[in-house]
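If you want the building blocks of each chain, they are given just below.
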Amino acid sequence: MCDRYEKEEQLFSKKYDEYIKLLKSTLSKKRFIHSINVASMCLSLAKKHGADTEKAYLAGLLHDIKKEEMPNAMKSQAILSKMDVSDEELYTPALWHGPAAAYHISKNLGINDAEILNAVRYHTAGRADMSDIEKIVYLGDLTSADRSYKDVEKYREMSFENLDNAMFFALKYSIGETLEKGGFIPPCTIAGYNFYAKIYRIKKDERERKNSKND
């Protein structure tokens, strides 16, 4: 299984070598390594959850392609993306690179797959009812091998166990971090939290009912 996984990653890295070279030439070493790690994590998560491995790898690889763009250019591309960028996102520079990247890879790289574009656009903000590829890229970015924040291993384990549960806890974590800094919470992020909180609550209630019947 490990050999098959490594061969698939090698296949994709060879197929998208042009994009890898582009990232290496335009991103800092740290951001480039992160991009490679996210692509690898997304591939692992896609294989675990039966999602499209190539889409997951490619979206993970390109998710931060505009992360180190000049702020004004990044904001302009986010607006040009016409991907429902809210005022709260436009007030938050750290969120511009998602929609900017989606716009860039569509316009300049010719990638028009909706799942890939949405995964790149929402990889930081999140939203309700995400596709598996979107969830995988969001979680892959949060849990890639270069991440070392407190409890990262817990989120890694959750991501491999259940995507919906992991999204609930990941969005809860992200919102908490933003509130600590006094930042804005975009409507799509709130909607995403409520969406996955409801799924988590329903499943939790079902488990409790089942356990009470067995007692």
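Above this text you will find the structure in question.
These remarks concern the structure in this document. If you're wondering where the values come from, they're calculated on a predicted model, not measured in any experiment.

1. Digging into helix α2 (residues 17-26)
- All of the buried residues along α2 are Y19, I20 and L23. Mapping the buried residues of α2 onto a view down its axis gives an arc of 100°, with all of them on the same face. Facing away from the buried surface of α2 by more than 90 degrees, the exposed residues are E18, K21, K24 and S25.

2. Things to note about helix α9 (residues 132-143)
- A rise of 1.5 Å per residue sets the reference length of α9, with its 12 residues, at 16 Å; its end C-alpha atoms lie 16 Å apart and thus fit the reference within 8%.
- In terms of burial, α9 is largely enclosed, as 11 of its 12 residues are buried.
- Of the residues making up α9, those classed as buried are I133, E134, K135, I136, V137, Y138, L139, G140, D141, L142 and T143.

3. Topic: the packing of helix α3 (residues 29-49) against helix α4 (residues 53-62)
- At a minimum axis separation of 7 Å, α3 and α4 run at an interaxial angle of 155°. Regarding the angle of α3 to α4, the classification is roughly antiparallel. Seen along the crossing, α3 lies across α4 with a hand that is right-handed. Here α3 contributes S35, I36, V38, A39, C42, L43, A46 and K47 to the contact with α4, which in turn contributes T53, A56, Y57, G60 and L61.

Cut-offs and rules
Residues numbered from 1 in each chain as written. Predicted model: local features only at pLDDT ≥ 70, side-chain atom pairs only at ≥ 80, totals over all residues. Heavy atoms only, no water. Buried < 20%, exposed > 50% of the residue type's maximum accessible area, 1.4 Å probe, protein only. Helix = DSSP H or I, 4+ residues; strand = E, 2+ residues; numbered from the N terminus. Arc of directions from axis to C-beta. Expected span 1.5 Å × (residues − 1). Axes fitted to C-alpha atoms, helices over the stretch in contact; angles between N-to-C directions. Parallel < 35°, antiparallel > 145°, perpendicular 65-115°, else oblique. Left-handed = near helix turned anticlockwise from the far one by under 90°. Contact = heavy atoms within 4.5 Å.

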